[in-house]
Amino acid sequence: MCTRVVWPDADGAVIVGRNMDYHRDLGTNLWKLPRGSRRDDGVDGALAWQSRYGSIVATAFDMITVDGVNEAGLAGHVLWLAESSYGELDPSRPALSQAVWLQYFLDNFATVAEAVGWITSNRVQVVQLTDPVTGEVPTIHLALDDASGDSAIIEYIDGDVEVHHGAEFRVMTNSPKYDEQLALLSQIDGFGGENPLPGTTLAPDRFARAAHYVRRLPQPRTQLEAIASMFSVIRNAAQPFRLPDEGRPDASQTIWQVVADLTRLRYVFESTTRPNIVWVDLADVDFAEGSPPLVLDLGSGLAIEGGLAGNVSTKFEERGELHFLSLTDLRRLAAGHGAVASSRPS
């Protein structure tokens, strides 16, 4: 479920791509979130902030940020990791709910190094949230990358945070945890081993193919070539529509893909279920403090005929604030006090 790849030397630009693999539609929309937005941790409100940077983000159910880039060129990507274990909540440490985990970094930091410094100095925790519709409890890890080509993989294993920080960490998929992925990659021809390049949809195989192909990309002559090249790599690691694999009910098809140019700040989105490509040029977006949050409704807007396509930087619309799922929401549901607040239309 999911693949992320960084190409840090695409003729002077940093290009990142990711597949979102999931077993059902996530109701994903794109949001413009301005500077000055006020948010809290979604846990107990002890950590609150006002965003320093505006961002374009992709959401799941308009309740959690799962991908995005801010106006400084810092991007982030939430992927599944079954081994994730976040530990018991320690009230003495800052905490972030899974819904705002990525958004906190996009709101507050310009570089991966700044974000990693904050993580390590504050020993921040992540708090799981239950999907209010299905009852699923996500286990996720996070990748960050920036316009310098820097990268970090952040995982919580047995309650402790493990950070792999450095430009060499270009690829991320899913299980097993990251250090074990690197050990498996070292067995592949071209990475220190003798095994041939694998071809299944398993996470280690997608990891190997993405790592192999991204370092073999020819230098692009234009931004168009750079974006097309990255799409070719993540499509090679994508998962086709199919019936569930026997014994692997969690195996998931690719439902959408993103390629972002972190240097020139273009965010390109492609749905595999409604296959039109749209993009946002952040230079054309008003992120000023006091400007409203805006949404691009992909569910109704994307279509093969007559729908959104191309540059959609000016197509976002006002629909109120983006409401992030919180522990308070889940407690209200458990007490029978109504539905979770949402920005989605009824």
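Notes on the structure follow. Values in this document were obtained by computation on a predicted structure and should not be read as measured data.

Another point: the packing of helix 3 (residues 178-185) against helix 4 (residues 203-214). Two elements in contact, helix 3 and helix 4, have axes separated by 10 Å at closest approach and are oriented at 65°. For the crossing formed where helix 3 meets helix 4, the hand is right-handed. Contacts between helix 3 and helix 4 involve Tyr-178, Gln-181, Leu-182, Leu-184 and Leu-185 on the former and, on the latter, Ala-203, Pro-204, Phe-207, Ala-208 and Ala-211.

Moving on to the nonpolar core. By size, the foremost hydrophobic cluster in this structure holds 107 residues, and its most contacted members are Leu-30, Leu-96, Trp-101, Phe-105, Trp-118, Met-230 and Tyr-267. In contact with Leu-96, not counting residues within four places along its chain, are Asp-41, Val-43, Leu-47, Trp-49, Trp-101, Tyr-104, Trp-118, Val-124, Gln-125, Val-126 and Val-127.

Our next topic: the sheet that holds strand 19 (residues 310-311). What the 7 strands build is an open sheet, ordered 14-1-2-15-16-17-19; its pairing is mixed. With one partner strand each, in any of the chains shown, strand 14 (171-172) and strand 19 form the two edges of the open sheet. Inspection of the sheet shows strand 1 (residues 3-10) paired to strand 2 (residues 13-22) by 6 bridges, in the antiparallel sense. Looking at the pairing, Arg-4 lines up with Arg-18 of strand 2.

Right, let's talk about the pattern of salt bridges for a bit. Summed over the entire model, instances satisfying the criterion amount to 13 salt bridges. Put simply, Asp-145 and Arg-4 hold a salt bridge, and the shortest N to O gap is 3.0 Å. Pair noted here: Asp-145 is in strand 11 (residues 140-145) and Arg-4 is in strand 1, with a separation of 141 residues, a long-range link. Look at Asp-145 and you get buried, because its relative accessible area is 0%. Exposure remark for Arg-4: the relative accessible area of 0% places this residue in the buried category. One continuous salt-bridge network, built from bridges that share partners, spans Asp-62, Asp-297 and Arg-319.

Take the packing of aromatic side chains next. One pass over the structure, following the stated rule, counts 13 aromatic pairs. Aromatic side chains Tyr-104 and Phe-109 sit 6.0 Å apart centroid to centroid with 65° between the ring planes, which places their arrangement in the edge-to-face category. A single burial state applies to Tyr-104 and to Phe-109, both of which are buried. Taken together, a centroid distance of 6.2 Å and an interplanar angle of 45° make the contact between Phe-109 and Trp-118 tilted.

Turning to the pairing of strand 16 (residues 266-271), a few remarks are in order. Along strand 16, 5 of the 6 residues are buried, which leaves the element largely enclosed by surrounding structure. Looking at chain direction, strand 15 (residues 253-261) and strand 16 are connected through 6 bridges and run antiparallel. Bridging across to strand 16, Gln-257 finds its partner in Glu-270. Joining the antiparallel neighbours strand 15 and strand 16 is a turn of 4 residues, in which Leu-265 adopts a positive phi near 55°.

Calculation notes
- Residues numbered from 1 in each chain as written.
- Predicted model: local features only at pLDDT ≥ 70, side-chain atom pairs only at ≥ 80, totals over all residues.
- Heavy atoms only, no water.
- Axes fitted to C-alpha atoms, helices over the stretch in contact; angles between N-to-C directions.
- Helix = DSSP H or I, 4+ residues; strand = E, 2+ residues; numbered from the N terminus.
- Left-handed = near helix turned anticlockwise from the far one by under 90°.
- Contact = heavy atoms within 4.5 Å.
- Core = buried A, V, L, I, M, F, W, Y, C linked by side-chain atoms within 4.5 Å.
- Buried < 20%, exposed > 50% of the residue type's maximum accessible area, 1.4 Å probe, protein only.
- Pairing = 2+ DSSP bridges.
- Salt bridge = Lys/Arg side-chain N within 4 Å of Asp/Glu carboxyl O.
- Phe/Tyr/Trp six-rings, centres within 6.5 Å; stacked < 30°, edge-to-face > 60°.

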